[in-house]
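An overview of the molecular structure
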Amino acid sequence: MNSFLESSIKLFEYHKELGERTFEQLSEEQLLWQANKESNSIAMIVKHLSGNMLSRWTNFLSEDGEKTWRDREGEFESTIKTREELLNHWESGWSCLLTTLKSLKNEDLEKVVYIRNQGHTVVEAVTRQLAHYPLHVGQILFIGKMLKGKEWHSPSIPKGGSAEFNKEKFSKEKEKRHFTDK
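Residues numbered from 1 in each chain as written. Predicted model: local features only at pLDDT ≥ 70, side-chain atom pairs only at ≥ 80, totals over all residues. Heavy atoms only, no water.

1. Some remarks on the nonpolar core
Grouped together as the largest cluster of nonpolar side chains are 38 residues, with contacts concentrated most on Phe12, Ile42, Trp57 and Leu97. Those elements giving two or more residues to this core turn out to be helix 1 (3-25), helix 3 (42-57), helix 4 (83-103), strand 1 (112-115) and helix 5 (122-148). The contact partners of phenylalanine 12, leaving out residues within four places of it in the chain, are Trp94, Leu97, Leu98, Leu101, Val126, Gln129, Leu130 and Tyr133. (Core = buried A, V, L, I, M, F, W, Y, C linked by side-chain atoms within 4.5 Å. Buried < 20%, exposed > 50% of the residue type's maximum accessible area, 1.4 Å probe, protein only. Helix = DSSP H or I, 4+ residues; strand = E, 2+ residues; numbered from the N terminus. Contact = heavy atoms within 4.5 Å.)

2. Focus on unusual backbone geometry
Note: most residues except glycine have negative phi, and most peptide bonds are trans. Positive phi is not limited to glycine here, since asparagine 59 has a value of about 50°. Checked against the element boundaries, asparagine 59 lands in the loop between helix 3 and helix 4.

3. A few points about the packing of helix 1 against helix 4
As a packed pair, helix 1 and helix 4 sit with axes 11 Å apart at the nearest point and diverge in direction by 170°. The orientation of helix 1 with respect to helix 4, classified from their angle, is roughly antiparallel. Taken together, the residues of helix 4 that come into contact with helix 1 (itself represented by Ile9, Phe12, Glu13, His15, Lys16, Gly19, Glu20 and Phe23) are Arg83, Leu86, Leu87, Trp90, Glu91, Trp94, Leu97, Leu98, Leu101 and Lys102. Considering only residue class, the contact of helix 1 with helix 4 consists of ten nonpolar, two polar and six charged. (Axes fitted to C-alpha atoms, helices over the stretch in contact; angles between N-to-C directions. Parallel < 35°, antiparallel > 145°, perpendicular 65-115°, else oblique. Nonpolar A, V, L, I, M, F, W, Y, C, P; charged D, E, K, R; others polar.)

4. Some words on the side chain of threonine 121
Considering the arrangement of structural elements, one finds threonine 121 in strand 2 (residues 118-121). Given a relative accessible area of 16%, threonine 121 falls into the buried group. In contact with threonine 121, not counting residues within four places along its chain, are Leu109, Glu110, Lys111, Val112 and Val113.

5. Section: the side chain of arginine 56
Positionally, arginine 56 belongs in helix 3. At 2.8 Å, the side chain of arginine 56 forms a polar contact with the backbone oxygen of glycine 65. In contact with arginine 56, not counting residues within four places along its chain, are Gly65, Glu66, Lys67, Arg70, Ile115, Arg116, Arg128, Gln129 and Tyr133. (Polar contact = N/O pair within 3.5 Å; in protein donor to acceptor, adjacent residues only side chain to side chain.)

6. With respect to the pattern of salt bridges
The tally for this structure, following the rule as stated, stands at twelve salt bridges. The partner of lysine 16 in a salt bridge is glutamate 91, and the shortest N-O contact between them spans 3.0 Å. Highlighted residues: lysine 16 in helix 1 and glutamate 91 in helix 4, separated in sequence by 75 residues. Here lysine 16 falls in the buried class, since its relative accessible area comes to 13%. On the basis of relative accessible area, glutamate 91 is assigned to the partly exposed category, the value being 38%. In this structure, glutamate 66 and arginine 70 form a salt bridge, with 3.0 Å as the shortest nitrogen-oxygen distance. Salt bridges sharing common partners tie together Arg56, Glu66, Arg70, Glu75 and Arg116. (Salt bridge = Lys/Arg side-chain N within 4 Å of Asp/Glu carboxyl O.)

Next comes the structure, spelled out in structure tokens:
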């Protein structure tokens, strides 16, 4: 597999894991919490990510990435009521994305795909989502950290933990970084 695809898959998997480590720390009520009527809950963000992923990555090479069946506006309505529903949305979106990426071949990278009738190479389409999905995962982590306060356990390097983290990393031989490493 092409190094761009391998690297992209690892980055997506890393961000998926960050979200999951956040979900584990939160109650069902916290997953559904909204700061105000105009803000998004974690559940709403998950529904949006899933809707986007299913739309973009279903029949990726042959259909426009903005499917007629997608209800983007509905993704921001508070319809998820349980942790199980949230996790089902989360898994269906990520599964569609990762299965599609793992099926791509080197010769697919310069093919043109369409999103809202605008052409992108496969590399551009993947890169576009590498910018989009981590933004929303960051929102999920931010909300989680706000809700947990001092009880928050960082899913990456914890605040105040850089020196210890670096000490451990620099005590080893140089190695190729894997994005699932902190």
